[in-house]
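These are the residues of each chain, in order.
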Amino acid sequence: MKTRNLGNSGLVVSEIGFGAMGMSMGYGVRPDRQDMIQVLRDVYEMGERFYDTAEIYGPYHNEELVGEALAPFKKDVTIASKVGIKMVDGKQVVDGNTAGIEKSIEGSLKRLQIDTLDLYYLHRVDPNIPIEEIAETMGKLKKAGKIRHWGLSEAGVNTIRKAHAVEPLAAVESEYSLWTREPEEELLPTLRELGIGFVPFSPLGKGFLTGKIKTLDDLNEADGRAGLPRFQKDALEANLLLVEIIEDMAKEKNATPAQIALAWLLAQGDYIVPIPGTTKAHRAKENMGASDVAFTADELSRLTTAANMVQIVGNRYTPEMQARVGL
């Protein structure tokens, strides 16, 4: 697996990371634990070295899973986790309390079976806690040897600037893909200016850009995507136009749609490291193969121009979900 630098932080990671969330939540019935441990180990054997998890995934289950699976290789891998979303009365709520962060890192380290976490994100910005206080807390954790780098997830550019001025950020994580292009407006230029790495989650549009989801019947009832605006019948049908464009390029390049979508992201900047997730080893191998897909300037221009012509229908989340996690 090729590597990339996350901005100017000095943190070097796999060019395409692995998002582990779906192994514990989000897509219906939780897969068998031992099966997922084997997938994580298979992915390691394929060359993957950058893994993304979070305290809230499960909650706790995902960190425990990643910790157990990667324990034999923990000196060779880079692990990112997140703090700042808690479960309260069965619902996710944003909580950036600094004392809570200092407590949470201890739990994450124990579950991940490591002494120092490579990258620790604030999962969502808490409007009630000044971001400068968060940055100072992360600086304390660095000095204490609890974490090596820190980052923000789904943060605005003003917040990023304020945080970076107090304690330099290694990375910002947000949704970015061929059907979620908002980061291009302000976020990407800001990260390039400040020398901060960018880690796109849902780089395959929650699986939609792979071409495997044509109707709602392709999702089971417990799958969280079934309730999202972009996956409703009319929106799904309209958004398939983008998938067709990706599929056409895939045929031209002798690649899969997933590889085209990921390769497009890689081509947007050498500080960008997408983290697609899967519960299947062969899909992870397919995703990692995107590193070998290279576009000519004409191909990249044609793909981007065609994608620009598609009006994506539907928001990323429902209003209730946006309010719940501070979006």
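Cut-offs and rules
Residues numbered from 1 in each chain as written. Predicted model: local features only at pLDDT ≥ 70, side-chain atom pairs only at ≥ 80, totals over all residues. Heavy atoms only, no water. Helix = DSSP H or I, 4+ residues; strand = E, 2+ residues; numbered from the N terminus. Rg over C-alpha atoms; globule rule 2.2 N^0.38 Å. Buried < 20%, exposed > 50% of the residue type's maximum accessible area, 1.4 Å probe, protein only. Contact = heavy atoms within 4.5 Å. Polar contact = N/O pair within 3.5 Å; in protein donor to acceptor, adjacent residues only side chain to side chain. Phe/Tyr/Trp six-rings, centres within 6.5 Å; stacked < 30°, edge-to-face > 60°. UniProt positions renumbered as here; feature names shortened; annotations may be inferred. Pairing = 2+ DSSP bridges. Axes fitted to C-alpha atoms, helices over the stretch in contact; angles between N-to-C directions. Lys, Arg positive; Asp, Glu negative; His and termini not counted. Salt bridge = Lys/Arg side-chain N within 4 Å of Asp/Glu carboxyl O.

Going by the annotation in an unreviewed UniProt entry, the name recorded for the chain is Aldehyde oxidase, with Aerococcus urinaeequi given as the source organism.

**Student:** Account for the overall build of the chain, with residues named and values stated.
**Tutor:** Looking only at helices and strands, the chain features 11 helices and 11 strands. Over its C-alpha trace the chain gives a radius of gyration of 19 Å, about what one expects of a compact globule, namely 20 Å for 327 residues. C-alpha atoms of the chain, sized along the principal axes, occupy 50 × 45 × 40 Å. Put simply, the chain has 327 residues, and 55% of those count as buried.

**Student:** Any chance you could break down the environment of G195 for me, citing the residues and the numbers?
**Tutor:** On the secondary structure map, G195 appears in the loop between α6 (187-194) and β11 (197-201). Residues G195 and E182, 13 residues apart in the sequence, show an inter-C-alpha distance of 19 Å. If we skip the residues at most four places from it in the chain, G195 touches G7 and N8.

**Student:** Please set out the environment of Y271 residue by residue, giving values where relevant.
**Tutor:** With respect to the helices and strands, Y271 occurs in the loop between α8 (257-266) and α9 (281-288). Taking relative accessible area as the criterion, Y271 reaches 8% and is therefore assigned buried. C-alpha separation for the pair Y271 and G197, spaced 74 residues apart in sequence, amounts to 5.0 Å. Once you skip the residues sitting within four places of it in the chain, Y271 turns out to touch R4, N5, L6, G7, L188, L191, R192, I196, G197 and F198. A distance of 3.0 Å separates polar atoms of two side chains, one belonging to Y271 and the other to R192.

**Student:** Any details on the packing of aromatic side chains? Residues and values, ideally.
**Tutor:** By the definition in use, this model includes seven aromatic pairs. Ring geometry for Y176 versus F198: centroids 5.8 Å apart, planes at 45 degrees, classification tilted. Of this pair, Y176 sits in the loop between β10 (171-175) and α6 while F198 sits in strand β11, and the two are 22 residues apart along the sequence. Residue Y176 shares its accessibility class with F198, and that shared class is buried. Grouped by ring-pair contacts, the aromatic residues Y176, F198 and W264 constitute a single cluster.

**Student:** Tell me about the UniProt feature "domain: NADP-dependent oxidoreductase" (unreviewed entry) in the chain, and please be specific about residues and values.
**Tutor:** In the UniProt entry, the feature "domain: NADP-dependent oxidoreductase" (unreviewed entry) is given for residues 15-305. Across residues 15-305, the secondary structure splits into 40% helix and 14% strand, with the terminal C-alpha atoms separated by 25 Å.

**Student:** So what's going on with the sheet that holds strand β3 (residues 18-19)? Which residues, and what values?
**Tutor:** Sheet architecture is open: seven strands sit in the order β3-β4-β5-β8-β9-β10-β11, paired in parallel fashion. Strand pairing shows two members of the sheet lacking a second neighbour, β3 and β11, which therefore form its edges. Of the strands in this sheet, β5 (78-83), β8 (117-122) and β9 (147-153) touch helix α4 (residues 131-143), which is tilted by about 160 degrees from β9.

**Student:** Describe the side chain of D126, listing the residues and the values that go with them.
**Tutor:** Relative to the helices and strands, D126 is located in the loop between β8 and α4. For the buried D126, no salt bridge exists, and the shortest N-O distance to an oppositely charged side chain is 10 Å, to K86. Contacts of D126, omitting those with residues within four sequence positions, involve V94, D95, G96 and N97.

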